[in-house]
Amino acid sequence: MAFNKKQKYIVGIVGATGAVGRRMLTTLEERNFPVDRLVLLASPRSAGQTFSFRGQSIPVEILTENSFEGLDFALFSAGASVSLKYAPFAVQAGCIVIDNSSAFRMDKNIPLVVPEVNPEAIPEQPGIIANPNCSTIQMVVALHPIHARYRIKRVVVSTYQSVSGSGQKAIAELTTQTIGVLDNKDCVSQVYPHQIAFNCLPHIDVFLDNGYTKEEMKMVNETRKILGDDSIQVSPTTVRVPVFYSHSESVNVETEEPISALDVKKLLHDSPGIRIVDDPDKNEYPLAINAEGKDEVMVGRLRDDISKERAINFWVVADNLRKGAALNAVQIAEHIIQR
Ligand code: A2P
């Protein structure tokens, strides 16, 4: 059975009050997604809140097992436990789920999609589609054209991830701590195990038995699944930095075929979803503050690896709440309704 095309669709956002959920709403609005009705869902804590969509005030409803009747799409961003519990009810109600949590990403029956990279993974009649981890999305948008032309053997990546990736409470924590430190007050850390203001934490998500964090292993496993190649070696270090929006990453790529930074610059310039910002003479390179609110993944500091043949380095920055989450989810929905 093929997807039932309509003029307009009833769309739900699960976790509508959260950092990503709010961007999902604005992304649907900005991109003029054909929304017939928007349903905002969150926990009982948010009862009574309203959000504006196309000039209309929309109340937040409490998420229940029956919230999905009549919905065409449900964009989930309320954490893995909420997705695990409620996504099956959405599918049961005939709704397509695009899930921003880690709940289903590595399930071999569930596609993990970045529309610029593997749109063919979206089935004719989708049930649940997983949205990858934010740090993985921006990296694979840049890696995909490189892999197609030069065959990637190994990637070494270090991330500089903003606090908005940990949600609204983390945004508030960085604000309060920054003001507090400048005021000589004691810092209270609730979201992170240590002070994040004026600090870098080499610790994102929980530590695993192999000494890597879950965030780091997401980058390893999701990269292989999205690029469809388990032979790619990925060596990640993920770091939380006191930046509000946009993730930055230092990426070293080693390839089978001879590669040069100059050729990759041209290749990525012509690749979808990428903007090259790379003019060192003018001090131009991708910056977190410039990526905020933008759709594209920005790539710069492209240079040959002076320590190794067939290897290059680059710096890649994207708005983690947009391309890293909300925009990628909406692009998946657009792909489904447009094909
Ligand atoms: P609420 O604001 O009502 O707690 P963030 O990632 O910024 O922390 O946001 C998480 C989002 O997930 C919020 O919208 C939050 O709603 C929602 N959420 C968390 N737990 C639940 C739950 N059990 N049921 C419904 N929504 C939830």
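Residues numbered from 1 in each chain as written. Predicted model: local features only at pLDDT ≥ 70, side-chain atom pairs only at ≥ 80, totals over all residues. Heavy atoms only, no water.

Asker: Please explain the state of the cysteines as it appears in this structure.
Answerer: By definition, a disulfide links the sulfur atoms of two cysteines through a covalent bond. Taken as a whole, this structure holds zero disulfides when the rule is applied. There is no disulfide at Cys134, and the cysteine sulfur nearest it, in Cys200, is 17 Å away. Its sulfur unpaired, Cys200 is 14 Å from the next cysteine sulfur, which belongs to Cys187. (Disulfide = S-S within 2.5 Å.)

Asker: Would you take a moment to explain the layout of surface pockets for this structure?
Answerer: One water molecule sets the probe size; rolling that probe over the atoms shows where empty space is left. Size it by volume and the largest pocket reaches roughly 1400 Å³. Lining the largest pocket we find 50 residues, and of these Ala78, Gly79, Gly165, Ser166 and Gly167 sit closest to its centre. The residue makeup of the lining of the largest pocket, split by class, is 19 nonpolar, 23 polar and eight charged. Inspection of the lining of the largest pocket shows a minimum of three residues originating in each of domain 1 (9–131 + 325–338) and domain 2 (136–320). (1 Å grid on protein atoms, 1.4 Å probe; cavity = no way out; pocket = protein on both sides within 12 Å on 5 of 7 lines; lining within 4 Å. Points joined across faces, edges and corners; volume = space filled by probe spheres on them. Nonpolar A, V, L, I, M, F, W, Y, C, P; charged D, E, K, R; others polar. Domains from an automatic or database assignment.)

Asker: Got a minute to help me understand unusual backbone geometry in this structure?
Answerer: The bulk of non-glycine residues show a negative phi, and the bulk of peptide bonds are trans. Positive phi values are uncommon outside glycine, yet Arg54 reaches one of about 50°. Within the secondary structure, Arg54 is located in the loop between strand 3 (50–53) and strand 4 (56–62). Backbone geometry at Asn283 places phi at a positive 60°, although glycine is not the residue there. Structurally, Asn283 can be placed in the loop between strand 11 (274–276) and helix 7 (288–291). Using a relative accessible area of 56% as the deciding quantity, one classes Asn283 as exposed. (Helix = DSSP H or I, 4+ residues; strand = E, 2+ residues; numbered from the N terminus. Buried < 20%, exposed > 50% of the residue type's maximum accessible area, 1.4 Å probe, protein only.)

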